[in-house]
Amino acid sequence: MHRLLKYLKRLAVAVLCLVVILAAIYYIPFPPPHRVPTAVYQTSDLKFPKDFFWGASTSSHQVEGNDNSNWTAWEKKNAARLAQEAPSKFSNLAIWPDIKAQATNPQNYISGGADNDYNLYPEDVQLMKQLGLTSYRFSIEWSRVEPQPGQFDQAAMDHYKNLVALLRQNNIEPFVTLWHRSQPVWVDQQGEWENSKTIQDYVAYVKFVTQNFGANVKYYMTFNEPALHLVGGYIEGVIPPEVKSLKRGQAAFANMMEAHRQAYGAIHTLNPDAQVGSTQAMQLGSGAPNTILNMAAASYFDNYANWKFLDGTKDTTDFIGIQYYSPTKYQVTLGGKSKVSFKTFNDPNASVKSDMGWEVYPHGIYEVITAAYNRYKKPIIVTENGIADQNDKLRAQYLADHLYWVSQAIKDGVPVKGYMVWSLLDNFEWDKGFWPRFGLVAVDYANNFKRTIRPSAYSYKQIIDNNR
Ligand code: GAL
């Protein structure tokens, strides 16, 4: 009896300790992460090597218009729902009164003619020239080039060859993304990246493109932000292929890595001078509040998003494409119907925010560039960085502040070879439609896609001119 009592007492103490530890993990917040304040610097501090690539990025589905990709099909099914959900997602944004009519209109969620860049590309190349760009990152629309399995459309490929020829005539280096989210409907129908047959199909498509470009294209990116495909497409299940299964997502992700490795070999065989990489959406996470549990979630997901794909492909990558916009907050909630729920969001208290509510934190680009370089020791190219800013109030400062930290990374010995603004043009921002305005160049959708260079684009040109 006495021993039993003693045992029960010990058990009670152990349970109590466990409860206290769990409560501490769940409730006690650590201070928020240290934020390096926006730097004070002179224009002359923005120093870059002479051969630095100054550019802007786009992707096929977001600018070309009228493709038959899986996204086009998805939009038709989801436009009404997205319009209905808009108030609950975006009414907290400062620009809500300006965008309300557009964001609640289903038409906003249909890419349709997008920017009509498929027809207006000669004008768009002239805009690049006017802005002094020396590189342009764009993607090939797989659904145009291979509309049916194994049937390649030479005319569609010739379109991209013409674009590359025009870029070369204007001394603009083409950076080709081979997969930027959109893909043929038949790829989705065969189970997309979960099906290992998609690896062979993708590699055949990559060979066709590489053969066609020959020596005219040197820089290739196999995949754009593959981890976001895993998160959005397979974990949250809110974008194609709308699956909600981590296990299935991991299988798809592993096949994408294998597709990268095989494509790397195929491109190098066909073009020994090629430089091949991929681009990653770099996360800079912290907990909100910064409890041990939230911090652990931030570190787990950052690791997955930033490094998993690169760790699996590091021996087959010539450079690393870094895409950075804003830090992320992570919050884990215990209890409720699903026992554990999890959300990521932007710091609502950030002092400077984009139209989309994304915190502006320029030093973050230095943090992610140096982390990637220290881990892999490969050249870095910033393949996306930019801001949704419809009134062009923040963009010039945003670009200069981020470029300052890129120049500091170079000064500290990191071989950063180029910087591409997202985006050359306002464009179709996936499940948000047309209201986010990321362009160096504004597009007037109601007026025949008229392009107007924004003042911030001239500030960017000034930095380019100072360095050439
Ligand atoms: C990236 C993506 C781009 C663009 C950008 C702005 O994640 O690669 O296509 O949408 O974000 O949100």
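Heads up: these notes are all about the structure in this document. (Residues numbered from 1 in each chain as written. Predicted model: local features only at pLDDT ≥ 70, side-chain atom pairs only at ≥ 80, totals over all residues. Heavy atoms only, no water.)

**Thoughts on the site of the ligand**
Every residue lining the ligand is accounted for by Gln 62, His 180, Asn 224, Glu 225, Gln 323, Tyr 325, Trp 358, Glu 384, Trp 422, Glu 429, Trp 430 and Phe 438. Within the side chain of Trp 430, an N or O atom sits 3.1 Å from an oxygen atom of the ligand. In isolation the ligand exposes 310 Å². Once the protein is present, 95% of that is buried. Looking at the shell around the ligand, its residues break down into five nonpolar, four polar and three charged. (Near = heavy atom within 4 Å. Polar contact = N/O pair within 3.5 Å; in protein donor to acceptor, adjacent residues only side chain to side chain. Areas by Shrake-Rupley, 256 points an atom, 1.4 Å probe, with all protein chains shown as cover. Nonpolar A, V, L, I, M, F, W, Y, C, P; charged D, E, K, R; others polar.)

**Things to note about the sheet that holds strand S8 (residues 328-334)**
Spatially, three strands are ordered S6-S8-S9 in an open sheet, and the strand pairing comes out mixed. The sheet is open, and its two borders are formed by strand S6 (285-287) and strand S9 (340-345), each paired with just one other strand. The mean inter-strand angle of the sheet, taken between neighbouring strand axes irrespective of direction, is 30 degrees. Examined bridge by bridge, S8 and S9 share six bridges and lie antiparallel to one another. Each bridged residue has a counterpart across the sheet, and for Tyr 330 the counterpart in S9 is Thr 344. (Pairing = 2+ DSSP bridges. Helix = DSSP H or I, 4+ residues; strand = E, 2+ residues; numbered from the N terminus. Axes fitted to C-alpha atoms, helices over the stretch in contact; angles between N-to-C directions.)

**A short note on the pattern of salt bridges**
Throughout the structure, instances matching the rule amount to 17 salt bridges. The shortest N-O distance in the salt bridge between Glu 258 and Arg 261 comes to 3.0 Å. Of this pair, Glu 258 and Arg 261 both sit in helix H11 (residues 246-270), three residues apart, roughly one helical turn. Across the salt bridge formed by Lys 432 and Asp 431, the nearest N and O atoms sit 3.2 Å from each other. A residue is classified by how much of its surface remains accessible, and Lys 432, at 22% relative accessible area, is partly exposed. Since its relative accessible area comes to 18%, Asp 431 is described here as buried. When salt bridges that share partners are traced, they join Arg 81, Glu 85 and Lys 89 into one network. (Salt bridge = Lys/Arg side-chain N within 4 Å of Asp/Glu carboxyl O. Buried < 20%, exposed > 50% of the residue type's maximum accessible area, 1.4 Å probe, protein only.)

**Here's the deal with the nonpolar core**
Counting residues in each nonpolar core, the largest one holds 125 residues, and the members touching the most others are Tyr 202, Phe 213, Ile 369, Val 406, Val 416, Tyr 419 and Tyr 460. Setting aside anything within four residues of it in sequence, one finds Tyr 460 in contact with Trp 54, Gly 55, Leu 133, Leu 399, Leu 403, Tyr 419, Val 421 and Leu 440. Membership of the second largest hydrophobic core comes to seven residues, among which are Phe 175, Tyr 219, Ile 381 and Met 420. (Core = buried A, V, L, I, M, F, W, Y, C linked by side-chain atoms within 4.5 Å. Contact = heavy atoms within 4.5 Å.)

**Here we look at the side chain of Thr 134**
Summarising the element assignment, Thr 134 is placed in the loop between helix H5 (117-130) and strand S2 (135-139). Not counting residues within four places of it along the chain, the set of residues in contact with Thr 134 comprises Phe 52, Phe 53, Trp 54, Asn 171, Ile 172, Glu 173 and Arg 468.

**Some points on the pairing of strand S4 (residues 219-224)**
Of all six residues that make up S4, six are buried, and the element is covered over most of its length. Pairing between strand S3 (residues 173-177) and S4: three bridges, direction parallel. Residue pairing across strands places Val 176 opposite Tyr 220, the latter belonging to S4.

**With respect to unusual backbone geometry**
The residue after Pro 240, namely Pro 241, is reached through a cis peptide bond having omega 5 degrees. Relative to the helices and strands, Pro 241 is located in the loop between helix H10 (226-235) and H11. The linkage connecting Ala 288 with the following residue, Pro 289, adopts the cis geometry, with an omega of -10 degrees. As for its placement among the helices and strands, Pro 289 is situated in the loop between S6 and helix H12 (292-313). For Asn 66, which is not a glycine, the phi torsion comes out positive at approximately 50 degrees.

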